[in-house]
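Single-letter residue listing:
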Amino acid sequence: MIRVLVLGAAAGGGFPQWNSNSEACRRARAGDARARPATQASVAISADNVRWLVVNAAPDLREQINRETALHPKTGLRSSPIAGVILTNGDVDAVAGLLNLRERTPFSIYAHARILEVLEANPIFGVLAPDVVRRVPCTLEETFVPRDVGGNDIGLRVTPFAVPGKIALFMEDAHDSDDFGTQEGDTVGLEFSDAEGSARLLYIANCARLTDMLCARCNGADLLFFDGTLWRDDEMVVSREGQKTGQRMGHIFMTGPRGSIAGLAELALGRRIFIHINNTNPVLLSDSAERRELEAAGWEVAYDGMELTLP
Ligand code: MLT
Ligand code: MN
């Protein structure tokens, strides 16, 4: 069995985003039930409902923990059900929340060496004292067993794999116009199963394009969380809310023949759920035509507080 809690469904900036005066963000602020606010993307995963792995530490992690009783301390004066945090990339929306986890309660950070370098390069992450918080490098295509602070197997198996993407925005090398200095390990997807292998879940919230290898890996999964940043590639340019296309940001888009809905249509998947949804994406609005189109294609849109149990 695998239990999943969606801690946050939105992309960087959240919904509403602090500086956005778009109609969608105004509706979210006004309490419109069809424009439900969302914090920045993260999920918590457990095989025993007791010990949890958090996938990415969003800047909203403190709020997310306070909202989820499963993540509240249960024993002693200081403790946490969070056994570990796994990082899929070095962007602000994936790592900044680590700062909420200071105060000397042990847990493990699992990440590719490229992302651990980002933490090393930013001394503020030293608030997670190295004698308390373990930093564990993970290797692409190598399955690892996450452990609790006592060293016990928490019943999950995790395999990180490479996903076409981009180096963190604040690490971009402006002199490298091709890929901004992106290297292997800058964007990873995660495959989870329980120790019995009874359920398989994939988390791919940053993906620039689909490849045959990626599709083959996803095929047959019980659940796929996938990059839902944009509905269309030029959405931010057209709405004049930004200058960048999805391709420039390292994110594929949903609609059209080259979009993710079409690209993943033939795969056998138990459930397919978009996560990391940008505040410009109309699918955040439950009364939008785009949301209806997405649902008609068999997709769901993650929301804060969504709970799933596999199988
Ligand atoms: C992204 O997903 O592209 C990043 O979160 C962008 C950002 O850091 O603002
Ligand atoms: Mn992001």
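Bear in mind the structure is a predicted one, so any value in this text is a computation, not a measurement.

Here the focus is the coordination of the manganese ion (ligand 2). Six octahedral donors at a metal ideally form angles of 90 or 180 degrees, and four tetrahedral donors ideally form angles of 109.5 degrees. Bound to the manganese ion (ligand 2) on the protein side are D93 (OD) and H276 (NE2), at distances that span 2.1 to 2.2 Å. With D93 in helix α3 (residues 92–95) and H276 in the loop between β11 (271–275) and α9 (289–296), the pair connects residues that are 183 residues apart, well separated along the chain. Using a relative accessible area of 6% as the deciding quantity, one classes H276 as buried.

Let us look at the packing of aromatic side chains. Working definition: an aromatic ring pair is given by the centre-to-centre distance plus the angle between the planes. Taken as a whole and judged by the stated rule, the model has 3 aromatic pairs. On the numbers, 5.0 Å between centres and 25° between planes, the contact of Y110 with F144 is stacked. Note that Y110 is positioned in strand β5 (residues 107–112) and F144 in the loop between β6 (133–138) and β7 (156–162), a separation of 34 residues in sequence. By relative accessible area, Y110 is classed as buried at 2%. Residue classification places F144 among the buried residues on the basis of a relative accessible area of 14%. Note on F274 and W299: the rings are 3.8 Å apart at their centroids and 10° apart in plane angle, and the pair reads as stacked. Here the residue F274 occupies a position in strand β11, and W299 occupies one in strand β12 (residues 299–301), the gap between them amounting to 25 residues.

The strand order across the open sheet formed by 6 strands is β7-β8-β9-β10-β11-β12, and the pairing between neighbours is mixed. Edge strands, defined here as strands with exactly one partner in the open sheet, are β7 and β12. For this sheet the average axis-to-axis angle between neighbouring strands, irrespective of direction, equals 20°. Contacts between α9 and the sheet are confined to β11 and β12, with β12 contributing the most and set at about 135° to the helix.

With an omega of 0°, the peptide bond between F15 and P16 qualifies as cis. One can find P16 in the loop between β1 (2–8) and α1 (23–29). Following L310, the chain continues into P311 via a peptide bond in cis, with omega recorded as -5°. Backbone geometry places E141, a non-glycine residue, at a positive phi of 70°. Along the polypeptide, E141 turns up in the loop between β6 and β7. We note that H276 has phi near 60°; this positive angle belongs to a residue other than glycine.

As a further point, take the pattern of salt bridges. Here the structure, examined in full by the defined rule, presents 21 salt bridges. Across the pair R34 and D32 runs a salt bridge whose closest N-O atoms are separated by 3.6 Å. For R200, the salt bridge is made with E191, and the minimal N-O distance between the two is 3.0 Å. By sharing partners, the salt bridges in this structure join R27, D32, R34 and D287 into a single network.

On the surface, V92, F170 and M171 cluster together to form a nonpolar patch covering roughly 260 Å² of accessible area. Summarising the element assignment, F170 is placed in the loop between β7 and β8 (188–194).

A large share of strand β10 (residues 223–227) lies buried, amounting to 5 of its 5 residues. Of the strand pairs in this sheet, strand β9 (residues 200–204) and β10 are connected by 4 bridges, and their pairing is parallel. Its bridge partner being in β10, Y203 is matched across the sheet by F225. The parallel pair β9 and β10, bridged by helix α5 (residues 212–218), forms a crossover whose chirality is right-handed.

Rules used throughout
- Residues numbered from 1 in each chain as written.
- Chains lettered and ligands numbered in written order.
- Predicted model: local features only at pLDDT ≥ 70, side-chain atom pairs only at ≥ 80, totals over all residues.
- Heavy atoms only, no water.
- Donors = N, O, S within 2.8 Å, 3.2 Å for Na, K, Ca; no water.
- Helix = DSSP H or I, 4+ residues; strand = E, 2+ residues; numbered from the N terminus.
- Buried < 20%, exposed > 50% of the residue type's maximum accessible area, 1.4 Å probe, protein only.
- Phe/Tyr/Trp six-rings, centres within 6.5 Å; stacked < 30°, edge-to-face > 60°.
- Pairing = 2+ DSSP bridges.
- Axes fitted to C-alpha atoms, helices over the stretch in contact; angles between N-to-C directions.
- Contact = heavy atoms within 4.5 Å.
- Salt bridge = Lys/Arg side-chain N within 4 Å of Asp/Glu carboxyl O.
- Patch = residues over 30% accessible without salt bridge, like charges linked within 9 Å, V, L, I, M, F, W, Y side chains within 5 Å.
- Areas by Shrake-Rupley, 256 points an atom, 1.4 Å probe, with all protein chains shown as cover.
- Right-handed = clockwise from strand over helix to strand, strands pointing away.

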